[in-house]
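# Structure assessment
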Amino acid sequence: MPRIDKAAISRSASRSAAIAARATGDLTVRAIGLAVAANRGLRLSRRRDTALLPASSISGRALVLIIAIMAFLASLTAGTVQLVSSASTNWRSAIAREVTIQVRPQVGRDTDADVKQAAAITRASAGVDAVDVYSKAQSTQLLEPWLGQDFELTEIPIPRIIAVKVSGHPDFGTLRKTLDQIPGVSLDDHRIWTARLSTMANAMILVGLVILGLVLTASGLAVAFATRGAMAGTREIIDVLHLVGGTDRFIANQFQRHFLRLGLKGGGIGGLAAIAVFVAAGLASRQWVATPGGDQVDALFGTFSLGLGGYGAVVVIAGVVALITTVVSRLTVFRNLRGLE
């Protein structure tokens, strides 16, 4: 009795199924080809003729576009949060290193003498690095952005300003008590402004993180709906695969590989687009430095330079979008397969 070559029969069946699938497009034959290849342990990602999902389709391109948009928005949000966090740290650090002493003119007192006395007391205090006494003209110029240059200020008792740069942890309590002995002199350590800036920055960061979470959630929902649509379009193939012994894990792996490719492509496109936007914004901000608006933007957000950490966050976000695409597609497939049983 001749010996039966099972491997040859399996190879022949696989080739026959693939040829029949290409020639007639019959879903049943295509599913049998998938099952035979699965039983032989072949890597289906290298064989277009036995792929459960087409390598490229209109729905696949649309999903790549959606994922790219979501990754772009998520990366922009993450980069903006990084910018706000960095700017907030710079604000608070700059404010913490400088305090202000105001000398308000008093009737019957020599304002210049009070200013000199306050400056001498401040210089003698521990932790003070520099004391900058503003002249009357310089103190008046500080009000010009709000009152204008044509506003007459000669009759207004404008306080004199003393800017003090500090380091370490100066004893503001003792310095304040000493300065209070001079009428009209007060010390402002900007504690209130620091608290307000911290609250504002933390609120912006929280809003950014919430938006980031919503964008990632929307990405997951879009992938879930796309996976359900893909399963509905291949329902006959899935039924035949079950009949010929195809496991749920095998079917889920096909969908997972397909959506992983789409997620990596869309995430990469969105991440690169976000990086391009930040680079362009950084180059544009350098051209605006000499303008009043540019100075305000630079004071608020810096030069739009994310640094390695910021660009790394954008890359991580793009990878997270691809990971969400893969995980959600796999979970959706298993859930729908259990519903078919």
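Procedures and definitions
Residues numbered from 1 in each chain as written. Predicted model: local features only at pLDDT ≥ 70, side-chain atom pairs only at ≥ 80, totals over all residues. Heavy atoms only, no water. Pairing = 2+ DSSP bridges. Helix = DSSP H or I, 4+ residues; strand = E, 2+ residues; numbered from the N terminus. Core = buried A, V, L, I, M, F, W, Y, C linked by side-chain atoms within 4.5 Å. Buried < 20%, exposed > 50% of the residue type's maximum accessible area, 1.4 Å probe, protein only. Contact = heavy atoms within 4.5 Å. Axes fitted to C-alpha atoms, helices over the stretch in contact; angles between N-to-C directions. pLDDT = per-residue confidence, 0-100. Expected span 1.5 Å × (residues − 1). Polar contact = N/O pair within 3.5 Å; in protein donor to acceptor, adjacent residues only side chain to side chain. Patch = residues over 30% accessible without salt bridge, like charges linked within 9 Å, V, L, I, M, F, W, Y side chains within 5 Å. Areas by Shrake-Rupley, 256 points an atom, 1.4 Å probe, with all protein chains shown as cover. Salt bridge = Lys/Arg side-chain N within 4 Å of Asp/Glu carboxyl O. Parallel < 35°, antiparallel > 145°, perpendicular 65-115°, else oblique. Left-handed = near helix turned anticlockwise from the far one by under 90°. Nonpolar A, V, L, I, M, F, W, Y, C, P; charged D, E, K, R; others polar.

### Let's talk about the pairing of strand β1 (residues 98-103)
Bridging between β1 and strand β3 (residues 160-166) involves six bridges; their strand directions are antiparallel. Within the sheet, the bridge partner assigned to Val103 lies in β3 and is Arg160. As paired elements, β1 and strand β4 (residues 185-188) share four bridges and run antiparallel to each other. Within β4, the residue paired with Thr100 across the bridge is Asp188.

### Observations concerning the nonpolar core
Ranked by size, the top nonpolar core spans 28 residues in total, and within it Ile251, Phe255, Phe259 and Val333 carry the most contacts. Residue assignment for this core shows that the elements contributing at least two residues are α3 (58-96), α8 (191-233), α9 (235-243), α10 (248-287) and α12 (307-340). Core analysis: the next-biggest nonpolar cluster, separate from the first, contains 17 residues, Val99, Val103, Ala118 and Ile182 among them.

### A closer look at the side chain of Ser75
Of note, Ser75 is situated in helix α3. Dropping the residues within four chain positions of it, Ser75 is found in contact with Gly271, Ala274, Phe278, Val314 and Ile317.

### Points about the sheet that holds β3
Spatial strand order, β2-β3-β1-β4: four strands in an open sheet with antiparallel pairing. Two strands close off the open sheet at either side, each with one partner strand: β2 (128-133) and β4. Adjacent strand axes in the sheet meet at a mean angle of 20 degrees when their direction is disregarded.

### Here we look at the confidence of the model for the protein chain
Confidence along the protein chain averages 75 in pLDDT terms, with 73% of residues attaining 70 or more. Predicted confidence is poor over residues 16-50, with pLDDT under 50, and the contacts of this stretch with residues over four places away or in other chains come to 48 contacts.

### Section: helix α4 (residues 111-123)
Taking 1.5 Å of rise per residue, the 13 residues of α4 would be expected to cover 18 Å, and the 18 Å separating its terminal C-alpha atoms lies within 8% of that figure. Those residues of α4 that are buried lie in contact with β1, β2, β3, α7 (172-179) and β4. Taking the backbone nitrogen of Asp112 as reference, a side-chain oxygen 3.2 Å away marks Asp110 as the first, capping residue of α4.

### Regarding a nonpolar patch on the surface
Residues Leu65, Ile69 and Leu73 make up a contiguous nonpolar surface patch of roughly 270 Å² in combined accessible area. Along the polypeptide, Leu73 turns up in helix α3. Classification of Leu73 by relative accessible area gives partly exposed; the value is 37%.

### Quick notes on the environment of Phe334
Within the fold, Phe334 resides in helix α12. Taking the relative accessible area as the measure of exposure, Phe334 reaches 21% and is therefore partly exposed. Remark: the alpha-carbon pair of Phe334 and Arg249, spanning 85 residues in sequence, is separated by 8.1 Å. Not counting the four nearest positions on each side in its chain, Phe334 is found in contact with Asp248, Arg249 and Ala252.

### A look at the packing of α4 against α7
Two numbers describe how α4 lies on α7: the axes approach to 10 Å, and their chain directions differ by 155 degrees. Accordingly, the angle class assigned to the pair α4 and α7 is roughly antiparallel. Pair α4 / α7 crosses with right-handed handedness. Residue-level inspection shows Ala118, Ile121 and Thr122 of α4 in contact with α7, the latter providing Leu175, Thr178 and Leu179. Of the residues belonging to the contact of α4 with α7, the class tally is four nonpolar, two polar and no charged.

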